[in-house]
Amino acid sequence: MRSNSSSSAISGISSLLGSLIETSVNQAIRVSVNGQDLIEPLEDKRCILFIQELEQTLAFQFSNTISPQKTHYVDVLFLSPLDQNDISSLSQNECYVSISLFALSELKDTSKLTKLIKEDKLDFYGDLGILQKVSKVFSSIEFDLEETLSAYIGDAGAYNVLEKSKAFGEFAQKQHQLFMQTLSDAALEEKPIAVRPIMVANFVDEVRALKTDAERLEAKLNRYLERTCKDREVGKSEESQGTRSRKS
Amino acid sequence: MKHQQAQAESGEKDDNITDFGFKKVNKSEKANMVADVFHSVAAKYDVMNDVMSIGIHRMWKRYTIDCSGVKAGQRVLDLAGGTGDLAAKFSRIVSKTGQVILADINHSMLMVGKEKLTNMGIVGNIDYVQANAEALPFPDNHFDLITIAFGLRNVTDKSAALASMFRVLKPGGRLLVLEFSKPTSEVLSKVYDAYSFHVLPRMGKLIANDEESYRYLAESIRMHPDQATLEQMMQDVGFEQTSYHNLSGGIVALHRGFKF
């Protein structure tokens, strides 16, 4: 473990990343409508995730604090990579998943887990139920922004903020559409660097007509070929009959 | 400072003399003097840690937990656990089937830690023990993991403390020592010295109204064995597969050792 400065930096980054993930996950669970209910069945369970491209092992440890509210908490740890012995000695409260970074999003769909295992996109050891429950937490978590905000700024304030946010969202969407339209017009009219839709449609029609003509020509040629073949066969049979009658 | 280090090293050879920062004191006095320092800083210990390290101490502690390999059902001793930063996380990881003991020689620190963890809802699998690291009041082969974060440098007889930890650790168990150490770069070392001896005591005065205690903290860091010396001390008491990992350019090092 004697280390140089780069490994020290890496450990610093992983600690920072672990801290960020942990804070985000717990904050999301805290403010969500159903987060606490979703992670309750995961109490004392641990889901270990090995991300293949990054070669990093992340453990999600689910627990609860024995407070009057009995709040659940997720600890996120960056572990050193597990060897086969560690994996084979997993307890009944643990599961191990080795997965590509690019397939991570597919974990959200519990119905796809078995398919991913069969397709070798996911190596799995331990209790599949744990992974399914973890997956359900991330796919089913719901937020009530108004309710969350009202705790800080009151009901009226939360309503106003959300209404204004919605209005701003609509305004931003309209502005975006307008900008895209302007950009499109500029590209077509002012600086003709793009092709107009009508020209594309016209071109598509021409290609389609050409394709139909080509198909017709092909069909005609095929018919001529068939006819020529038939004529040749008839000619041959007549010739052979004439030869036979001359001999007799 | 090299002169002071040399004095300290020669002082170690005298059975009754030890260092208290840069001062030479009788061994029997050091525990009380350290206790006075921590009685004084206990209430503002967490705030000061955040201010002094710009919050980086949280990353160092998180890295220690990542390296702990601790699992549900295991028994953990967080020695010199102070305000319980490590113990809080270990308590959740070992779950109801495991046990965490937060031990500290200083009653004030232990009480601050107990109050903080209880307020966080961490109860049930955690116990608080006022204990001297040199003579741990636990049976042999008892713990799966022992951690001591920023505590070893305040112990009077470090070798005795390490031997005591070795005794109470189970075969296969590990010890993690997170402690200030020696920066690996000369430039960083100079900047760090300037910060420790000029900025840190002033911050102590400003925030905790206690300049002397924070001057002691800076001095005790300089008198603590460097990375290689501490590793050797761990090996001397029986730890195997010892190693260390420098954090923040060696300002802090995490030492690891196993008992087999």
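This is a predicted model, so every value here is computed, not measured.

Q: Would you explain the pairing of strand β9 (residues 252–258) of chain B in this entry?
A: Residues in a regular strand project their side chains so that they alternate between the two faces of the sheet. All names here are of chain B. β9 sits mainly inside the fold: seven of its seven residues count as buried. Residues of β9 alternate between two faces, with V252, L254, R256 and F258 on one and A253, H255 and G257 on the opposite face, all of them buried. Here seven bridges tie strand β7 (residues 169–180) to β9, and the two strands are oriented antiparallel to one another. Residue pairing for β9: L176 is matched across the bridge by R256. Here strand β8 (residues 240–247) pairs with β9 via six bridges, running antiparallel. Pairing of S243 across the sheet is with R256, part of β9. Hairpin connection from β8 to β9: four residues lie between these consecutive antiparallel strands, with S248 at a positive phi of about 50°.

Q: How do you make sense of the interface of chain A and chain B when you look at a structure like this?
A: Many descriptions give the size of an interface as the accessible area lost when the pieces come together. With 28 residues of chain A at the interface, the matching set in chain B holds 27 residues. Taking both sides of the interface into account, the surface hidden between chain A and chain B amounts to around 2400 Å²; carbon and sulfur atoms contribute 50%. Linking chain A to chain B there are six salt bridges. Across the contact surface, chain A and chain B share nine residue pairs in polar contact (both at pLDDT 80 or more).

Q: Would you explain the pattern of salt bridges in this entry?
A: As enumerated under the stated definition, the model contains 15 salt bridges over all chains in all. We note a salt bridge from R216 of chain A to D213 of chain A, for which the minimum N-O separation is 3.7 Å. Of this pair, R216 of chain A and D213 of chain A both sit in helix α7 (residues 197–247), three residues apart, which is roughly one turn of that helix. Its relative accessible area of 56% is what places R216 of chain A among the exposed residues. Across the pair D85 of chain B and K116 of chain B runs a salt bridge, and its minimum N-O distance is 2.6 Å. Within this pair, whereas D85 of chain B is found in helix α5 (residues 85–94), its partner K116 of chain B is found in helix α6 (residues 107–119), the two being separated by 31 residues in sequence. Each of the salt bridges in this network shares a partner with another, and the network as a whole consists of E22 and D75 of chain A together with R62, K89 and R92 of chain B.

Q: Help me understand the packing of helix α3 (residues 45–53) of chain B against helix α4 (residues 56–66) of chain B, please; the structure alone is not making it clear to me.
A: The packing of two helices is summarised by the inter-axis angle and the distance between the axes. Residues and elements named next belong to chain B. It is at 7 Å that the axes of α3 and α4 come closest, and there the two elements cross at 100°. Judged by the angle between their axes, α3 and α4 are roughly perpendicular. Residues N49, D50 and S53 of α3 pack against I56, H57, R58, W60 and K61 of α4. Partitioning the contact of α3 with α4 into residue classes produces two nonpolar, three polar and three charged.

Q: Please clarify how the nonpolar core should be interpreted in this entry.
A: Across soluble globular proteins, nonpolar side chains show a tendency to be buried alongside one another. Within the largest apolar cluster, 39 residues are counted, with the highest numbers of intra-cluster contacts made by W60, F90, L178, F180 and V252 of chain B. Ranked by residue count, the leading element in this core is α5 of chain B, at six residues. Not counting the four nearest positions on each side in its chain, V252 of chain B is found in contact with W60, F150, L178, E179, F180, S181, H245, N246 and L247 of chain B. Ranked by size, the runner-up nonpolar core spans 27 residues in total, among them L38, L58, L122 and I130 of chain A.

Reading the values: rules and limits
- Here the residue numbers are simple positions, counted from 1 along each chain's written sequence.
- To label them, take the chains in the order written and letter them from A, then take the ligands in the order written and number them from 1.
- Residues qualify for local features only when their pLDDT is at least 70, as the model is predicted, and side-chain atom pairs are given and counted only at 80 or more; totals for whole chains, interfaces and linings, by contrast, use all residues.
- Neither water nor hydrogens contribute to the side-chain values; these are computed over all heavy atoms in the structure.
- Only protein chains enter the accessibility calculation, which uses a 1.4 Å probe; a residue is then buried when its area is under 20% of its type maximum, exposed when over 50%, and partly exposed in between.
- The helix and strand labels rest on DSSP assignments: H or I over at least four residues marks a helix, E over at least two residues marks a strand, and numbering proceeds from the N terminus.
- For two strands to be treated as a pair, DSSP must find at least two bridges joining them.
- Contact criterion: two residues are considered in contact whenever any of their non-hydrogen atoms come within 4.5 Å of each other.
- When two components associate, each loses some accessible surface as probed by a 1.4 Å sphere; the sum of these losses over both components is called the buried area.
- Salt bridge, as used here, is a side-chain nitrogen of Lys or Arg placed within 4 Å of a carboxyl oxygen of Asp or Glu.
- Counted as a polar contact is a pair of N or O atoms within 3.5 Å, where, for protein atoms, one must be capable of donating a hydrogen and the other of accepting one, and residues adjacent in sequence contribute only when both atoms are in side chains.
- Orientation is described by lines fitted to C-alpha atoms, with helices fitted over the stretch in contact, and by angles between N-to-C directions that extend from 0 to 180 degrees.
- Angle categories are assigned with fixed cut-offs, so that under 35 degrees is roughly parallel, over 145 is roughly antiparallel, 65 to 115 is roughly perpendicular, and the rest are oblique.
- Any residue outside Ala, Val, Leu, Ile, Met, Phe, Trp, Tyr, Cys, Pro, Asp, Glu, Lys and Arg is labelled polar, Gly included; the first ten of those are nonpolar and the last four are charged.
- Residues grouped as a nonpolar core are buried Ala, Val, Leu, Ile, Met, Phe, Trp, Tyr and Cys residues, joined through side-chain atoms within 4.5 Å.

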